[in-house]
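Close look at the chain arrangement
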Amino acid sequence: MANKIVQQTEELVQPILDELSLELVDIVYEKEGPNWFLRVYIDKDGGVDIEECGQVSERLSSELDEKDPINEAYFLEVSSPGVERPLKKEADFKQHIGKHVYVKLYEPIAGEKEFTGDLVGFKDGYATIQYKEKTVQKEVEIPFAKIAKARLAVTFD
């Protein structure tokens, strides 16, 4: 059910975002306590502001009311993905080469299931991450298909 709602929401919001030159980062439909939340994360170069989030929310809300794809009551939230933006698509990885990332895998590579380091490349379906293990600089190539979760990671230098 949640996947269908996410798909239907994407079909409704994408034309709105295209018109406003905004990017769809992610859609999440989830239950927290007794309440359902439909969260739409949007972005653009330089980030989105509250007015853009409000404009998308208002227009998407009207579309959702008209099409009515969700049976239960829910809260709609449209926001920026924040500084720890998720990386979901191969294009997200290509766009964020040079950034500090956190990657969690479905299965271990070199005995590890989690890597935090610099995304130094993405080619032919493989993300290349440079990371430190104690004081040694290392590099790992991770097949996109093995990535369970990935996001930008904040560093405090």
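Residues numbered from 1 in each chain as written. Predicted model: local features only at pLDDT ≥ 70, side-chain atom pairs only at ≥ 80, totals over all residues. Heavy atoms only, no water.

1. Things to note about the environment of Glu107
Spelled out, the test is: The secondary structure listing takes helices from DSSP runs of H or I that are at least 4 residues long and strands from runs of E that are at least 2 residues long, numbered from the N terminus. Relative accessible area decides the class of each residue, using a 1.4 Å probe on protein chains only: under 20% of the type maximum gives buried, over 50% gives exposed, and in between gives partly exposed. In what follows, residue pairs with any heavy atoms lying within 4.5 Å of each other are defined as contacts. Each polar contact in these results corresponds to two N or O atoms within 3.5 Å; when the atoms are within protein, one needs to be able to donate a hydrogen and the other to accept it, and residues that are neighboring in sequence are counted only if both atoms are side-chain atoms.
Mapped onto the secondary structure, Glu107 falls in strand 4 (residues 100-109). Overall, the relative accessible area of 40% leaves Glu107 in the partly exposed class. For the pair Glu107 and Lys132, spaced 25 residues apart in sequence, the C-alpha to C-alpha distance is 20 Å. Those residues in contact with Glu107, other than ones at most four positions away along the chain, are Glu112, Lys113 and Lys146. Looking at Glu107, its side chain comes within polar contact range of the side chain of Lys146, at 3.2 Å.

2. Remarks on the packing of aromatic side chains
Basically, it comes down to this: Two aromatic rings, drawn from Phe, Tyr or Trp (for Trp, its six-membered ring), form a pair once their centres lie within 6.5 Å of each other, and the interplanar angle then sorts them: stacked below 30 degrees, edge-to-face above 60, tilted otherwise.
For the structure shown, the criterion picks out six aromatic pairs. With a centroid separation of 4.7 Å and an interplanar angle of 15°, the aromatic rings of Tyr29 and Trp36 are classed as stacked. Using a relative accessible area of 6% as the deciding quantity, one classes Tyr29 as buried. When the centroid spacing of 5.8 Å and the interplanar angle of 90° are considered together, the rings of Phe93 and Phe144 count as edge-to-face. Within this pair, whereas Phe93 is found in helix 3 (residues 90-95), its partner Phe144 is found in the loop between strand 7 (136-143) and strand 8 (147-152), the two being separated by 51 residues in sequence. On the basis of relative accessible area, Phe93 is assigned to the buried category, the value being 1%.

3. Overview of the layout of surface pockets
Condition: Throughout, the protein atoms alone are placed on a 1 Å grid, and a set of points is a cavity if a 1.4 Å probe fits but cannot get out or a pocket if it is open with protein on both sides within 12 Å along at least five of seven lines; lining residues have an atom within 4 Å of a point. Grid points are joined across faces, edges and corners, and a volume is the space filled by probe spheres set on the points. The residue classification treats Ala, Val, Leu, Ile, Met, Phe, Trp, Tyr, Cys and Pro as nonpolar and Asp, Glu, Lys and Arg as charged. All others, Gly included, are polar.
Here the largest pocket defines a volume of roughly 350 Å³. Residue lining of the largest pocket: 13 residues in total, with Leu87, Lys88, Ala148, Lys149 and Ala150 positioned closest to the centre. When residues of the lining of the largest pocket are traced back to their parent elements, those giving at least two are strand 4 and strand 8. Here the lining of the largest pocket is composed, by residue class, of nine nonpolar, no polar and four charged. Considered as a void within the structure, the second largest pocket measures approximately 220 Å³ in volume. As for the second largest pocket, its lining consists of 14 residues, of which Asp43, Lys44, Gly46, Arg85 and His96 are closest to the centre.

4. What about helix 1 (residues 2-19)?
The following threshold applies: Every helix has an expected span of 1.5 Å times one less than the residues it contains. We define the bend at any residue as the angle between the axes fitted to the seven residues before and including it, ending there, and the seven starting there.
Spanning 18 residues, helix 1 covers 26 Å between terminal C-alpha atoms, matching the ideal 26 Å at 1.5 Å per step. Along helix 1, the helix axis deviates most sharply at Val13, where the bend reaches about 30°; the proline Pro15 sits within four residues downstream. Those residues of helix 1 that sit buried are Ile5, Val6, Thr9, Leu12, Val13, Ile16 and Leu17. Once helix 1 finishes, Ser21 follows within two positions and takes phi at roughly 55°, a positive value.

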